[in-house]
Amino acid sequence: MSNTTIADRNLWAIVLGVSSGFGKEVALELAKSGYNIYGVHLDMGNAKDKAEQFRQTLEAIGVKAFFFNVNAADDNKRAEIIEHIQKDREKDPHHVLRVVIHSLAFGAIGPFFEEDFSKMLKKKQIEMTMDVMANSLIYWVQDLFAAHLLAENSRIFAMTSIGSERAIISYGAVSAAKAALEAYCRQIAVELAPYKITANAIMAGLTDTPAAAKIPGFEKMLKHAREHNPFRRNTVPQDVAKAISLLVDEKFYWITGATIKVDGGESILNFIESM
Ligand SMILES: NC(=O)c1ccc[n+]([C@@H]2O[C@H](COP(=O)([O-])OP(=O)(O)OC[C@H]3O[C@@H](n4cnc5c(N)ncnc54)[C@H](O)[C@@H]3O)[C@@H](O)[C@H]2O)c1
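K.L.:
Describe the overall build of the chain, listing the residues and the values that go with them.
P.N.:
Along its length, the chain carries 7 helices and 7 strands. Counted from the first residue to the last, the chain has its helices and strands arranged as β-α-β-α-β-α-β-α-β-α-β-α-α-β. With respect to the three principal axes, the spread of C-alpha positions in the chain is 60 × 40 × 40 Å. Evaluated residue by residue, the chain yields a buried proportion of 41% over its 275 residues. Restricting to contacts in the chain with at least 6 residues of sequence separation, those with at least 24 account for 75%.

K.L.:
Explain unusual backbone geometry to me, using residue names and the numbers behind them.
P.N.:
Glycine aside, the phi torsion of most residues is negative, and most peptide linkages are trans. In this structure, Asn153 takes a positive phi of about 75 degrees despite not being glycine. Looking at where Asn153 falls in the secondary structure, it is placed in strand E5 (residues 150-160). With 24 C-beta atoms counted inside 10 Å, the residue Asn153 sits in the buried group. The backbone phi angle of Lys196 is positive, close to 60 degrees, even though this residue is not glycine. Under the C-beta neighbour-count criterion, Lys196 is labelled partly exposed, with 16 such atoms within 10 Å.

K.L.:
Quick rundown of the pairing of strand E4 (residues 95-102)? Include the residues and the values.
P.N.:
Counting buried positions over the 8 residues of E4 gives 7, a clear majority of the element. As judged from the 5 bridges shared by E4 and E5, these two strands associate in the parallel manner. Across the sheet, the residue bridging to Val99 is Arg155, located in E5. At this point the chain moves from E4, through helix H4 (residues 123-146), to the parallel E5, and the crossover so formed is right-handed.

K.L.:
How would you explain the site of the ligand if you had to name every residue and give the values?
P.N.:
Residues in close proximity to the ligand total 29 residues, the closest being Gly17, Gly21, Phe106, Thr209 and Ala211. No other element matches helix H1 (residues 21-32), which puts 3 residues into the shell around the ligand. Across the shell around the ligand, the residue classes tally to 17 nonpolar, 11 polar and 1 charged.

K.L.:
For the packing of H1 against helix H7 (residues 237-247), give the residues involved together with the corresponding values.
P.N.:
Orientation of H1 relative to H7, taken along the N-to-C sense of each, is 45 degrees, at an axis distance of 8 Å. Here H1 lies oblique to H7, going by the angle between them. Here H1 and H7 pass one another in a crossing that is right-handed. Where H1 approaches H7, its residues Gly21, Phe22, Lys24, Glu25, Val26, Leu28, Glu29 and Leu30 are matched on the opposing element by Pro237, Gln238, Val240, Ala241, Lys242, Ile244 and Ser245. Each residue belonging to the contact of H1 with H7 can be placed in one class, and the counts come to 8 nonpolar, 3 polar and 4 charged.

K.L.:
So what's going on with the pairing of E5? Which residues, and what values?
P.N.:
The buried count for E5 comes to 9 of 11 residues, which makes it a mostly enclosed element. As for the winding sense of the linkage, the β-α-β connection from E5 through helix H5 (residues 172-192) to strand E6 (residues 198-204) is right-handed.

K.L.:
Explain the sheet that holds strand E3 (residues 65-69) to me, using residue names and the numbers behind them.
P.N.:
Read from one edge to the other, the open sheet built from 7 strands follows the order E3-E2-E1-E4-E5-E6-E7, with strand pairing classed as parallel. In the strand order of this sheet, the two ends are held by E3 and strand E7 (259-262), each with one partner. Each neighbouring strand pair of the sheet contributes to a mean axis angle of 20 degrees, computed without reference to strand direction. Strand contacts of H1: strand E1 (10-16), strand E2 (36-41), E4, E5 and E6, with the helix running at about 175 degrees to E1, the strand carrying the most contacts.

What counts and what doesn't
- Residues numbered from 1 in each chain as written.
- Predicted model: local features only at pLDDT ≥ 70, side-chain atom pairs only at ≥ 80, totals over all residues.
- Helix = DSSP H or I, 4+ residues; strand = E, 2+ residues; numbered from the N terminus.
- Buried ≥ 20, exposed ≤ 12 C-beta atoms within 10 Å, placed from the backbone.
- Contact = placed C-beta atoms within 7 Å.
- Pairing = 2+ DSSP bridges.
- Right-handed = clockwise from strand over helix to strand, strands pointing away.
- Near = placed C-beta within 6 Å.
- Nonpolar A, V, L, I, M, F, W, Y, C, P; charged D, E, K, R; others polar.
- Axes fitted to C-alpha atoms, helices over the stretch in contact; angles between N-to-C directions.
- Parallel < 35°, antiparallel > 145°, perpendicular 65-115°, else oblique.
- Left-handed = near helix turned anticlockwise from the far one by under 90°.

Honestly, it's all geometry; don't read function into it.
Structure, rendered in structure tokens:
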């Protein structure tokens, strides 16, 4: 594995969940810093067109951008994308995959227990949530590693939430996935440290995105978080994008296996229980 600097390398980032919310803003910020982008998303109809427009926006900045509209948890699709990246690298000896962003929102929202049993989350929903929102991180990193696509100073970031630490109504399956995701980041950090590859979880504050809007009572939670945040506003995807654009720097290699809060101090307040 070779040492990489922006000066002599064509740096790439792969963003899982590139078409919306945090993934989109991180891709934009990294593109502005000169990163080429592989984006993975799962969209239909209007959202699919918007994703393509966003891809063109990235290219207008002057970087390359390849998007794949597929289920990131599908083993065959992952293999195809990794093959695509390998072919790019064969053509370009300066190609380096420096950043991996896991920002997939595809969780089943609902209670584990309900008087009406039919409303309780089912095994299939819980397994799907764990697979997309947690396990897929490991499968992507394993396959990228096995394909020798990760390099010294590659940085892996996975989006987590306060649900990893606290119970939130209807969020049980996602909470479990977030706890697993943070554990996976710690494990990746330990096992890939010998290769000088780092992995961290980013715990964003409550942010108005399409995925979060599906949580029951989300508007109320957002308002409460805004009113109690020390900065008196909600987190926006750009806050996370700015943080990650700094953390990718080679200087920060000593930060690994951490869960880093990017929330303006929101989580130090007891806002969810006090609602
Ligand atoms: N919004 C919040 O308040 C908040 C706070 C903390 C952490 N997070 C986490 O941030 C991550 C991103 O969430 P967001 O709020 O930006 O959501 P979002 O809905 O804005 O974006 C989700 C992205 O994931 C993609 N996606 C979903 N399922 C996919 C699949 N199976 N395969 C490929 N792509 C898929 C979508 O196409 C989209 O690009 C999630 O893990 C979420 O739990 C969100």
